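# Breakdown of the fold
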Amino acid sequence: MNWKGKWRNQYGSTVDITDDANHRIAGTFKTALRDSGFYGQEIPVVGIHQGDCISFVAGGKTPAGDAAVSYTGLVRDGKMETMWFVVADAAIKAAEEGAPGRIEKLNWWRSIITSADTFERVVR
């Protein structure tokens, strides 16, 4: 399986895999979602692949603090079907509506969100 190339998910976010040698993945991730803490950044990804299976991670700073995202999935019918997890160290919270926000560390059980994405290879 050749993993190299740009892959775009249903929201317009992209992962650009530049190296897939020796069952390893390297490249960059860029979200298209304005409400993501990673918006406006191109963050490095590293990972592994085995046959049609893939897993890669990325991390960086957000306005609220540090965060990491991991994708794990496989290719079916030319599409990379993945589940993802984001872990965020903190969030911006306000005491009430209209009050100034402040950064608060999150409890473990509040720090994770998960969902699924389908990436398709971008034809250049």
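Quick caveat, the model's predicted, so the values are computed rather than measured.

Here the focus is the nonpolar core. By size, the foremost hydrophobic cluster in this structure holds 20 residues, and its most contacted members are W3, W7, V15, I17, F56 and M80. Listing elements by their share of this core, those giving two or more residues are β2 (14-19), β3 (24-30), β4 (43-50), β5 (53-62), β6 (65-76) and β7 (79-88). Of all the elements, β6 adds the most residues to this core, at four residues. When neighbours within four sequence positions are excluded, F56 is seen to be in contact with V15, I25, V45, V46, G47, V69, S70, Y71 and M80.

Let us now look at the side chain of D20. Tracing the sequence through the fold places D20 in the loop between β2 and β3. Nearest to the buried, unbridged D20 among oppositely charged side chains is K4, at 4.4 Å. A distance of 2.9 Å separates a polar atom in the side chain of D20 from the backbone nitrogen of W3. Sequence-distant contacts of D20, defined by excluding residues within four places in its chain, comprise M1, N2, W3, K4, I25 and H49.

Okay, the environment of T18 next. Its place among the elements puts T18 in strand β2. What makes T18 exposed here is its relative accessible area of 53%. Apart from the residues lying within four places of it in its own chain, the contact partners of T18 are K4, A26 and G27.

Where nonpolar side chains cluster on the molecular surface, the patch consists of F85, V87, W108, W109 and I112 and spans about 570 Å² of accessible area. With respect to the element layout, V87 can be found in strand β7. You can call V87 partly exposed: its relative accessible area is 31%.

Take the confidence of the model for the chain next. Summing up the model confidence of the chain, the mean pLDDT is 95 and the portion of residues at 70 or higher is 99%. At the low end of the mean pLDDT range in the chain sits strand β8 (residues 90-94), at 93; at the high end sits β4, at 98.

Time to look at the environment of A90. With respect to the element layout, A90 can be found in strand β8. C-alpha of A90 to C-alpha of P63: the two residues are 27 residues apart in sequence and 9.4 Å apart in space. When neighbours within four sequence positions are excluded, A90 is seen to be in contact with A64, I103, E104, K105 and L106.

Rules of the game
Residues numbered from 1 in each chain as written. Predicted model: local features only at pLDDT ≥ 70, side-chain atom pairs only at ≥ 80, totals over all residues. Heavy atoms only, no water. Core = buried A, V, L, I, M, F, W, Y, C linked by side-chain atoms within 4.5 Å. Buried < 20%, exposed > 50% of the residue type's maximum accessible area, 1.4 Å probe, protein only. Helix = DSSP H or I, 4+ residues; strand = E, 2+ residues; numbered from the N terminus. Contact = heavy atoms within 4.5 Å. Lys, Arg positive; Asp, Glu negative; His and termini not counted. Salt bridge = Lys/Arg side-chain N within 4 Å of Asp/Glu carboxyl O. Polar contact = N/O pair within 3.5 Å; in protein donor to acceptor, adjacent residues only side chain to side chain. Patch = residues over 30% accessible without salt bridge, like charges linked within 9 Å, V, L, I, M, F, W, Y side chains within 5 Å. Areas by Shrake-Rupley, 256 points an atom, 1.4 Å probe, with all protein chains shown as cover. pLDDT = per-residue confidence, 0-100.

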